[in-house]
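# Structural features, examined
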Protein chains: 2
Amino acid sequence: MTGSIAFTTEMSDLLAAVAPAAAADPDARREREARVVWSHLVEPGDSVAGRLVAALGAEGALEAAVGRSRVDLGDVSLEEVEEGRRRWMPRLRRQAVHDALATAERAGIRLVVPGDAEWPSRVSDLDAHAPLALWVRGEAALLARPQPSVAIVGARAATSYGDHVAMELAADLGGSGIPIVSGAAYGIDGAAHRAALAVDAPTVALLASGADRPYPAGHADLLERIARNGAVVAESPCGAAPTKWRFLQRNRLIAALSDATVVVEAGWRSGSLNTAHHALDLGRAVGAVPGAITSAASAGCHRLLRESGAVCVTNADEVRELLDLGGLCTFGGPDDDPDPLTDDTTRVRDALSTRSWREVDDIARRAGMAPQHVEAILGLMLIMRDAEQSRLGWRRSRTT
Amino acid sequence: MTGSIAFTTEMSDLLAAVAPAAAADPDARREREARVVWSHLVEPGDSVAGRLVAALGAEGALEAAVGRSRVDLGDVSLEEVEEGRRRWMPRLRRQAVHDALATAERAGIRLVVPGDAEWPSRVSDLDAHAPLALWVRGEAALLARPQPSVAIVGARAATSYGDHVAMELAADLGGSGIPIVSGAAYGIDGAAHRAALAVDAPTVALLASGADRPYPAGHADLLERIARNGAVVAESPCGAAPTKWRFLQRNRLIAALSDATVVVEAGWRSGSLNTAHHALDLGRAVGAVPGAITSAASAGCHRLLRESGAVCVTNADEVRELLDLGGLCTFGGPDDDPDPLTDDTTRVRDALSTRSWREVDDIARRAGMAPQHVEAILGLMLIMRDAEQSRLGWRRSRTT
């Protein structure tokens, strides 16, 4: 372990406890330790750290950051590293890392880093702004599910109309197996999470604070229930306080973890518009629920409809239509011609039987496509009821 | 006069009374008489009649229709004329024409045909589907005003929300000098007309019946007030009953007479969507006012936002923005590059002085543009408060 915070045995034990699936391979272990340290050094979205880690690996980047190595810095300039060092080094405290790990261990919070099976590949669209690690309370595997997910977000100062719509959408979409992602805030976020829980749908809450700190405090019980039935996810380590910056960066994660973002109610300057714009920047579909023009709580939604590529959505089916576009886009990127993507779906469908169950690897071979890509398309077909899944594998629905 | 309904002296006197500005020129008089007859023969939007009149003039087309001439029929085929003749000839009754003229004369209804100063050039965008004549009760000159006008239309079964919004928009837009066009129906239409009247704004009602027949009957007083302060316009001659077909064709005229159409509330299959689609077909701007997704009366508006090029509008300023686009489009057509149009506005602005008043012809000469085109742009600049008008002419606003 590098720097002045070489992991103690106790810390290594704690890390092993919060990342039980971690490989025994010493290199992988040191890389994971370095990610934990980085998680403490940076504010979310630090693209210099992101580029440095991408170029040198987390451990190598850390050595460069503490100034111990003068290796090639990739595309990061020496000035950037020196400036970064000034904001990172004041946070380099072994005790803080130890305490965060101990808190995580006590609270049953898991560490997930790139390479883990639970790591959500969707966040790689954030490039240098992608998180370096995620802290997850609950079912971390939910993050890497190939099925499309929907973010339902909106104003804290929601009206009863907004609450009602958020619940209807979340219950309907969640009920059809689509994970509901949101920010656990009062208002729309809370309504979406609650409705998902009510229909036993997977739901994911992204926090601006550490995963151990329920925020808002009034949602401590709700977050507890989300952790039991879904996942509470934070980018900052345990103990971190929610700050304005972290809220904005949390919004980018909500957008990145979802295949479509739906804004139910939003004031003219609502933070949900920030989430929507992150989604648009990522080429993800954005839906806006209209409301009365006399309601200030819908002004932000109307603004999205007027000023951005947001689509007017008025029911869950229309959100599913968004997924059909947005979900596929995540494989190909927003600028690709959509036809090849449709072709991919056709190839997966051709590789399925309506009678016998087939495993993903078998389907991938028949389709001549990567298994991960096939799995993603199967997830989509499941939602669209074009495919069925059992413990024996997949088959095509007879009705389609 | 052709056919079996050569105008009697009494009919010619009646015609002179309902079209006082008509030229004494015998050719022009016979052409006008033929238009009156055509107005009785066709249902609105008869494109065979439209093309025949375009090719041969109204009188020549009538001779061809009664089978008296075997002239070149332009781009109309003999089969089309023969088929047209079967639907036109049963209506060829002198008494009907006489009665309609007598009713028009009694009710103070004016006949307006192409070539009259009052003829609205905007309807020429309808090509072969353009009306052959218009019957106007009230201020016919309103139709040919160069200023942009806005159609405010919507559901008969409006909610109090829709009524409120229609009134707010009509009062604000009408109050800034923009004529409000609508269909005089119960609900949104009526609210728009009433609000325009309340702020002394010009307002135009398009009827599916003859201009003498108030429809709906419950709006007889409202139509009376519109006629006194604006114009009540019909394509079918006096005495004509409102039919389903005429309502649909009336909708095309609402769209054609307006530079933008705003749908305030509309059910999923509302007739207002028909008006909106006519406007879109004509390349005119269409605005849709959003509402609660729980309100069936807004479902058609949301459908427009999802399925067509309608723009989400939430206040009068946003409708004025539509005019900036839609109004200019009427000069250039929807497929033209918008830049030259903006250039035209720049040229008109350059030709204006901020100090001295200039007449349109003078401005047109300075701008090197057609006076009619200049007048249209000046009308737009007046609305946008970029220009001012007095009896001495026009000048640029000092504030811009």
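Throughout what follows, the structure given in this document is the object of discussion. (Residues numbered from 1 in each chain as written. Chains lettered and ligands numbered in written order. Predicted model: local features only at pLDDT ≥ 70, side-chain atom pairs only at ≥ 80, totals over all residues. Heavy atoms only, no water.)

### Details of the interface of chain A and chain B
Listed by partner, the interface residues are 18 residues for chain A and 18 residues for chain B. When chain A packs against chain B, the two sides together hide about 1,500 Å² of surface, and 68% of this comes from carbon and sulfur. The three residues of chain A that bury the most area against chain B are A:Ile293, A:Arg306 and A:Cys312, which together make up 43% of that side's buried surface. Taken together, chain A and chain B are joined by four salt bridges. Put simply, chain A and chain B have eight residue pairs in polar contact (both at pLDDT 80 or more) between them. Secondary structure elements with two or more residues in the side of chain A that touches chain B: helix H6 (160–175), helix H11 (299–307), strand E9 (311–312) and helix H12 (316–332) of chain A. Among the residues making up the side of chain A that touches chain B, the classes are represented as ten nonpolar, five polar and three charged. (Contact = heavy atoms within 4.5 Å. Buried area = accessible area lost by both parts, 1.4 Å probe. Salt bridge = Lys/Arg side-chain N within 4 Å of Asp/Glu carboxyl O. Polar contact = N/O pair within 3.5 Å; in protein donor to acceptor, adjacent residues only side chain to side chain. Helix = DSSP H or I, 4+ residues; strand = E, 2+ residues; numbered from the N terminus. Nonpolar A, V, L, I, M, F, W, Y, C, P; charged D, E, K, R; others polar.)

### Digging into the relation of the copies chain A and chain B
Superposition of the two copies of the chain requires a rotation about an axis together with a shift along that axis. Superposing chain A onto chain B requires a rotation of 180 degrees together with a translation of 0.1 Å along the rotation axis, leaving an RMSD of 0.1 Å. Viewed as a symmetry operation, the transformation between the two copies matches a two-fold axis. Among all C-alpha atoms of chain A, that of A:Gly291 lies closest to the rotation axis, at 2.2 Å. The fraction of interface residues of chain A whose copies in chain B are also interface residues reaches 100%, indicating that both copies meet through the same surface. (Least-squares fit on C-alpha atoms with pLDDT ≥ 70 in both.)

### Digging into the pairing of strand E2 (residues 134–138) of chain B
Residues and elements named next belong to chain B. Most of E2 is tucked away, with four of its five residues classed as buried. Of the strand pairs in this sheet, strand E1 (residues 109–112) and E2 are connected by four bridges, and their pairing is antiparallel. Bridging from a neighbouring strand, arginine 110 pairs with valine 136 of E2. As paired strands, E2 and strand E6 (residues 231–234) are joined by four bridges and run antiparallel to one another. Among the inter-strand pairings, glycine 138 is bridged to a residue of E6, identified as alanine 231. (Buried < 20%, exposed > 50% of the residue type's maximum accessible area, 1.4 Å probe, protein only. Pairing = 2+ DSSP bridges.)

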